[in-house]
Structure formats: C-alpha cells, structure tokens
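# Structural characterization, general
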Amino acid sequence: MAKKILTVDDSASIRQMVVFTLKSAGYDVVEASDGNLGVQQAKKTQVDLILTDQNMPGMDGLTLIKTLRATPQYKSTPMLMLTTESSDAMKMQGKTAGATGWLVKPFDPQKLLEVVRKVIG
Amino acid sequence: MAIDMSQFIAVFFDEAAEHLATMESILLKLSLDEPDSEDLNAIFRAAHSIKGGAATFGFTDLAGVTHILENLLDRIRKNELGLRADMIDVFLRSGDVLQDILSAHRDGSTADLDAAKEITSLLEKFANESVAEELLAANTIKNSHDGLLITVAAGESFDHQAIVHALESYGELCSSIEGGAENDWVYQVITQASPQKITDTLAFAIEHSRIRITLPQDMLSGDKPSDGEGYGFFSDDKPVVASASQDGEGYGFFTDIAESAPPPADIEADGEGYGFFEPRPKVLTGAAISSALVQTMEVKVEELEPQAAKSKVTSGAVAKSLAPAADTSIRVSVEKVDQLLNLVGELVITQSMLVQTALNLDPVIHENMLSGVGQLERNTRELQESVMSIRMMPISFVFSRFPRLVRDLAGKLNKKIELKLIGESTELDKGFIEKLSDPLTHLVRNSLDHGIELPDERIAKGKSPTGTLTLRAFHQGGNIVIEVADDGAGLNRERILAKARERDIPVSDSMTDSEVWLLIFEAGFSTAAQVTDVSGRGVGMDVVRRNIQSMGGRIEISSMYGIGSTMSIRLPLTLAILDGMSISVGEEIYLIPLAFIIESLQPRPDEVKTMAGKGRVINVRGEYLPLIALHEIFNVPPKVTQFHEGLVIILEAEGEKVAMFVDDLLGQHQVVVKNLETNYRKVPGVAGATIMGDGHVAFILDVAQLVHISQGLTRAVA
C-alpha cells in the first residue's frame, strides 16, 4: 500500500507540483489549501507524512503542526515545513512546534523526493 | 526523474496575477494610520507566494524584486517598519513592474528591465533607511556592510547577467568578472544589504555551496581595493584564502564570514536544502542537487525507521484517498461556450415549436405527450440558464482596475477624488466585460479630468473639496446599466451650443438638455481645441458611443451645470436569448421583451384623448401616458383601428412610461435573438429578429427607441 502524504499549501501551482512529483513517485497524496483544511484532511484520513507551507491564510503551518501534534493520531507522524524562511528563528519555531524537519523553497522535485524517501521510505 | 514543470507554470501565472491584483486592491484601501494587520498579512502573503512560485519555477528576475518587497512587507507587518504614503506608491509600482515581468514571461516578450531596476532600488532604499535606523539605534556600526566581495566557485555556468542584475539591485556593482568551469566568478558590490540577504537572493540561481561572501572591513576604513581588477586584498588580521587575487582568479575571502554568515550547520551541509530536528546534526552527503537553496540537514534516523514501519501498518487501515480539497475548475475557450449557447438557442426554438404544436392537441388524449412537452420546456430553460451563466462574470472584473486608475489620475491632476463602486457583483456577459473596459476608462478619465473640479474651485462653489466619482452597475429590466457619475462641474449647455454653431451643426436654443448633451457624441466635438469642461467631455465620445452601440447598447447623459454628470451605459442583459411577449399588428407579429412590459389593457373609448402639446394620450387610472400606435410607426395596415377594439400595452423604458396600441396579444415566448444588422440592416425601433416556432421571422422591438420615436412623433403632432 502506497504511503499517504498530506500537502498543505495555499499556492495551487506549488501544490500541483508537489502532488505531481509525489504521485509520480508512487505516493498517495491528499491536498489542502490552508491550515484549517489541512487539519480537517488529516483528521479524516491518517496520513504518513505531512508537508506544509508556513505562510497561509487562516491557519499557518506552525499552528497546523502544533494542532496535529497535540492529537494522539499524529503524535509521531513526520511533519515537514516547506518554507522560504530558512532563518534560525524560523527553524527554532518549527522545532518547538513539533516539526520533524524543514525543506526550503524553492525546492526541486528531486530533492523533495529525496527528503520524503528519507522520512518515510 | 525528470519532471516537466511547464504544466504548472500556467497555473503559477494565473496565481501570481491574482496575488498581484489582491495586493493592489488591499494597498489601495489600506489606511496609513491604522493599517489592518490582516490586510498587511494578506499583502505579505501575496508577495511571499509570488516569490515562492517564481523561485520554484525559475523566474529569478521576478523572485528578485518580490524578495525585497516581501522583506519590506514582512517588517511592516511585524511593526518593525512604519508604513508611509510614499511606500504605498512604490509598492503599487512594484506591482506594475511584477505584472510586466510576468506578462513578459507569459508571452515571451521582453520586460522593461530599467523599470525593474528602478523599482528595486526604490524598494531597497526603504529597506536601507530602516536598516540605517536600526543600526543607529543599536550602535552596531560594524555590521554595516559597505562593500562585499561575492565569489561563485568555478563550475557549472549560470545566468551571469541575472546575478549582475540582482546585485545591482542591492547597491553599486563596482566590478564583475565572469568565470567558467575553471575560474571563479567574482562580483564586488557596495551595498548596505547583509551577506545573508544576498546569499538568499543568489541562491535562487546558484547553489548555496558555491557562494562565498566576504566582508572587506578595510573598505570601511577607506582602504579601497584596486578598482578595475575586480578583486581586492583585505587586511592581514583577517584570514584570507591563499589563492586569492594575484593568480588571476580574482577573488579572496575570509574563512570566517562574521556574524552575518549562515548558521554553521548550513555551511557544512552542501547540496541539501532541508533539515530535520533532533537528535543531533548529522550531515548527509546527498547527490548534488540543482539550482535550489542549499541548507543543512539533520536526520532523525533512529526514530524514523520504526516510524516508517508503524505508518505502514496504519496506512493499511486508512480509507481510500479523498478527493483533493482544492477548488476544481477547467478553462474552456469562449468559442466552445458560444457554440454551446448557439445549440441551446436552436433547442429553445425547437422546444417553442413543439409547445406551439402541442397547444392544438387534445389535453385529455395526449396527456403524456403534453406533460413531456412541459418537462422539456422546464429542462430547456434550466439548461439555457446554466449555459448562459457560464459566460456571466461579475462586473468587478472591470471595476477593479479603477481604484488604481483614479488614484493615479487624481494624483496627477492634483484633485481629491473618492471613488465609490456599487453593484460590483452584478453579472454580465463575458463578451461585454472585455469590451466595456475601454469606454468606461474613457468616461472615468473624462469625469476626473473635466468633470470634477480642483479642490479650491470646489470649496469656492461650496462643495466638499473631495469630489465623488461613482461607478454603479445594476440590472434594470432586460438591461444592465453601468453608470459613471460625478459631482463635478456638469456639462455647460451654452458652451456646447456655441461649439455646435461653430461647427455648423444645426442647433436651436429650444433644444432640450438631453438633445444638447447628445451633441458631444458628434465626431466634430472630439477634435475640438480643449476648452475646459465641455470640449474635454467630447474627446473620443463618438468612439465611446460607437463601442457601446457595437455591443447593442446605448449611452445616455444626464447632467446639471454645477451639480454633476451621469453617463449611463445600457447593455442588453444577455446576448442571445430573451423572454418576450408576441403581439400582432395586421398580418405581422412582433415581440416585446417581457422586461419592458408593465401591463396590458383594453381601453374604453373615452380614455383616449388628444392633449395640446402632448399629442395623443391615454388615461390609465388617472395617469396620462403618451399613446403610440405600432401600425403608424411601422406603417403596416392594422386589423383594428379603433383603440377600444384593440389592446394597449403599457411599457416602461428608461424611466419613461408609454402606452402602445396593438391589435392583439398572442402569448409569451422565449426566443433566440438573431442580429438584424448583420443579416439585413439596422431598422429604427427594432432591436433584432427571431424565428418563431412556426418558422416565421418576427421583429423584436427596441422599446426604448420606440419611446424616443414616439416623443418625436408627439412633438411633431404638437
């Protein structure tokens, strides 16, 4: 059974690219266009990995991670922040929120897959 | 795995355009004193998203400008930087520049790089001002980077020009040396920007690991590097890489990149652009990765393995993948929708033919048949409405450009103008949306330029110094009306008449105001020398009217000297199908668009009178309405000539009520409008033609025009 990944990003083009990249590598992908929808999706179906953007309308990525981390369902699921902000401060915030790691944008598809493989195989 | 990115680029273009539009509209309504934090966040997110996408899709120029913009916006939203009026101007212009770059990428044309450069330096100025303030406040002058040497390690080539361009946006590029597979590239920049910032920008084009930024402290103390050679030496107390300068490679750098350097972890980890938290840094040597920002990575290996195993178990129990939450839409060419609309039109004709035939059937014997026809009628109508709605768009698509236009123009003319948009959600056909833009722009410009007075003038007239320009859209009957109204000077009747006489246009002082206003649509008025409020109104108004008429619409003016003017554009609501009432006059059948009909009645002989100065009128419950006979207008022999033997239909068009005498009322139909002009020629009083269920052609009446004609007739009678 293919691993299921949730990708949360408010940019449709980026989301499409992530989805396309992951799907072509054989992963199962669900999408959400902001943090709130992301939480809904994650609660509806258990996913194996969450990739989230930081800056989104409604709920941002850090809050999404914090929210899901607090649920038993996602206590230990890998969650990666996809962000253009690679500052130490942002990394610290990510770490505190419970993110597994971070991946800076712009990312290229190869690298995305590489990271995903490292996390969920 | 090679991935074709081109398929996502189109989406990115649309998205970026949307973000730019959002940014502009928020910027325009942003209050300087108390900017709404959600608005600030939204603008920031817009810039942020454009940058992210631009970088991902390799539009470095776009990413470069947005990057600076985003940084500024970020600091503004975090209250690190005060918002000023001049910033909004520059932000708006940045939006234009981004739009320009975006269309250049989309169309493969060339963007105005000078404009981009100019705007970047303006943005950078804001950033620097604030940096300077911060530095001053913190007394940390040593962090001020006046000169930086940027070295890109020899290797795979990249867009040298783009880098030069990007660096120039940060300050003065003193020199640059192109490298290659064996030589390093070297750039020397005098800038206030931090090395981190420059690294971030360059990383969009070059791998992080290849970039070295050095900070020549000496430059601060005046010991400038030798110009022209593109490299320099730094004081001995700073460790300099041995191979520097003399050997012609043209670079030199410190091993230690001071506080501004990326965190240590970042330096170690080449070729990655991601990282994991916990438990401890572990650098992986992944394969070299293309042009992405390079960062560190720490792996949570121990924990990951069981985690992966665990998720394997859980995922088995999970339901099938859900449908994507994203809104789904497809883009269809307008031709396809038009074709669909045509087909539905034909279906409507066939359907009405069936209905007409079915009327002759015995309702008891053909009960099933009749209920089927009834159902077909309903379905056809719904189908038609759905197809029509595909083409409908809110007028906000046109209106949205005006806040910006008015703002810019008001600034240019030193006028104070408040723009009101009303009825933005009013929908109209997409075909109109595109064609409306030019005439409306023209009317708005005219209003601002010649209608609304300068603040002093307004105060002298006892008006508020701020003029109001209102754009309003609403449905009225079978029309959509778009009004451009201002509370400005209004049209000057005397001046227009004088102008007309000058041009040998026959006029008389007894002409009504509306007849006088129509004069400004004369082609002659447009070329007139500019005489303030009047002639300005005439510039190109003939073109405006032609454009509106080509859409099957009409433009009307109402104006009062000193009070203001309103230009109303009336367009048919739909292009193709209308609800009409069929009436007969003699052997002819005409259709009146249902929307104009108020009621129909059979008059008593004593209700029709001829009044001095008003011609023939009919008394409808105490109200005297002008009565026109359709057979007189079209000159067809009627079956009935006595008013009390026929029917009178009360119509309302453009606020005027009129009674129309016809032989008989036949019934209500939904008809497909065929353009008469393209098939025959323009006929006064006729808006179009249609094919009836029985195959006959019937004229569709242009009620508003008939009202005008009737007014002409009554005057003639009077």
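The structure we're discussing is the one just above.
Note that this is a predicted model, so its numbers are computed, not measured.

All names here are of chain B. Direction vectors running N to C along helix α3 (residues 60-77) and helix α7 (residues 195-202) enclose 135°, while the axes themselves pass 11 Å from each other. Classed by the angle they form, the pair α3 and α7 counts as oblique. Across from His67, Asn71 and Arg75 in α3, the residues of α7 making contact are Lys197, Asp200 and Thr201. Here the residues of the contact of α3 with α7 sort into no nonpolar, three polar and three charged.

Ranked by size, the top nonpolar core spans 86 residues in total, and within it Leu22 and Leu51 of chain A together with Phe91 and Tyr187 of chain B carry the most contacts. When residues of this core are assigned to their parent elements, the largest contribution, 10 residues, is made by helix α4 (residues 85-107) of chain B. Split by domain, the residues of this core number at least three in each of domain 1 (7-133) and domain 2 (147-214) of chain B. Among residues more than four places away in sequence, those in contact with phenylalanine 91 of chain B are Leu27, Leu69, Leu72, Leu73, Ile76, Leu83 and Leu123 of chain B. Residues Met393, Ile433, Ala473 and Ile555 of chain B belong to the second largest nonpolar core, which totals 46 residues.

Each strand in a sheet pairs with another by means of backbone hydrogen bonds, the pair being arranged parallel or else antiparallel. Residues and elements named next belong to chain B. Read across the sheet, five strands follow the order β7-β9-β10-β12-β11 without closing on themselves; strand pairing throughout is mixed. Here the strands that pair on one side only, and so sit at the sheet edges, are β7 (416-422) and β11 (554-560). Going from strand to strand, the sheet's axes swing by 15° on average, the running direction of each strand aside. Here strand β9 (residues 466-476) pairs with strand β10 (residues 479-486) via eight bridges, running antiparallel. Across the sheet, the residue bridging to threonine 470 is alanine 485, located in β10.

Residues and elements named next belong to chain B. Scanning the entire structure with this criterion turns up five cavities of 30 Å³ or more. Of the volumes computed, that of the largest cavity is approximately 180 Å³. Among the secondary structure elements, those contributing two or more residues to the lining of the largest cavity are α3, α5 (113-138), α6 (160-168) and α7. Looking at the lining of the largest cavity, the element that brings in the most residues is α3, giving five residues. Residue classes in the lining of the largest cavity are distributed as 12 nonpolar, six polar and one charged. Of the residues that make up the lining of the largest cavity, three or more belong to each of domain 1 (7-133) and domain 2 (147-214).

Take the packing of α3 of chain B against α4 of chain B next. Residues and elements named next belong to chain B. At a minimum axis distance of 10 Å, the contact between α3 and α4 shows a crossing angle of 155°. In terms of their interaxial angle, α3 and α4 are classed as roughly antiparallel. The two elements α3 and α4 meet at a crossing, and its hand is left-handed. Judged by residue contacts, Asp61, Leu62, Val65, Thr66, Leu69, Leu72, Leu73 and Ile76 of α3 engage Met87, Phe91, Ser94, Leu98, Ile101, Leu102 and His105 from α4.

Two side chains carrying opposite charge are able to pair once their charged atoms lie near each other. Residue and element names in this part refer to chain B. Tallying each qualifying case throughout the model produces 27 salt bridges over all chains. A salt bridge links arginine 106 to aspartate 14; its shortest N-O distance comes to 3.7 Å. In this pair, arginine 106 sits in helix α4 while aspartate 14 sits in helix α1 (residues 6-29), placing the two residues 92 residues apart along the sequence. A relative accessible area of 22% means that aspartate 14 is categorised as partly exposed. A single salt-bridge network, built from bridges that share partners, covers Glu453, Arg458, Lys461, Lys463 and Asp487.

Basis of the calculations
Residues numbered from 1 in each chain as written. Chains lettered and ligands numbered in written order. Predicted model: local features only at pLDDT ≥ 70, side-chain atom pairs only at ≥ 80, totals over all residues. Heavy atoms only, no water. Axes fitted to C-alpha atoms, helices over the stretch in contact; angles between N-to-C directions. Helix = DSSP H or I, 4+ residues; strand = E, 2+ residues; numbered from the N terminus. Parallel < 35°, antiparallel > 145°, perpendicular 65-115°, else oblique. Contact = heavy atoms within 4.5 Å. Nonpolar A, V, L, I, M, F, W, Y, C, P; charged D, E, K, R; others polar. Core = buried A, V, L, I, M, F, W, Y, C linked by side-chain atoms within 4.5 Å. Buried < 20%, exposed > 50% of the residue type's maximum accessible area, 1.4 Å probe, protein only. Domains from an automatic or database assignment. Pairing = 2+ DSSP bridges. 1 Å grid on protein atoms, 1.4 Å probe; cavity = no way out; pocket = protein on both sides within 12 Å on 5 of 7 lines; lining within 4 Å. Points joined across faces, edges and corners; volume = space filled by probe spheres on them. Left-handed = near helix turned anticlockwise from the far one by under 90°. Salt bridge = Lys/Arg side-chain N within 4 Å of Asp/Glu carboxyl O.

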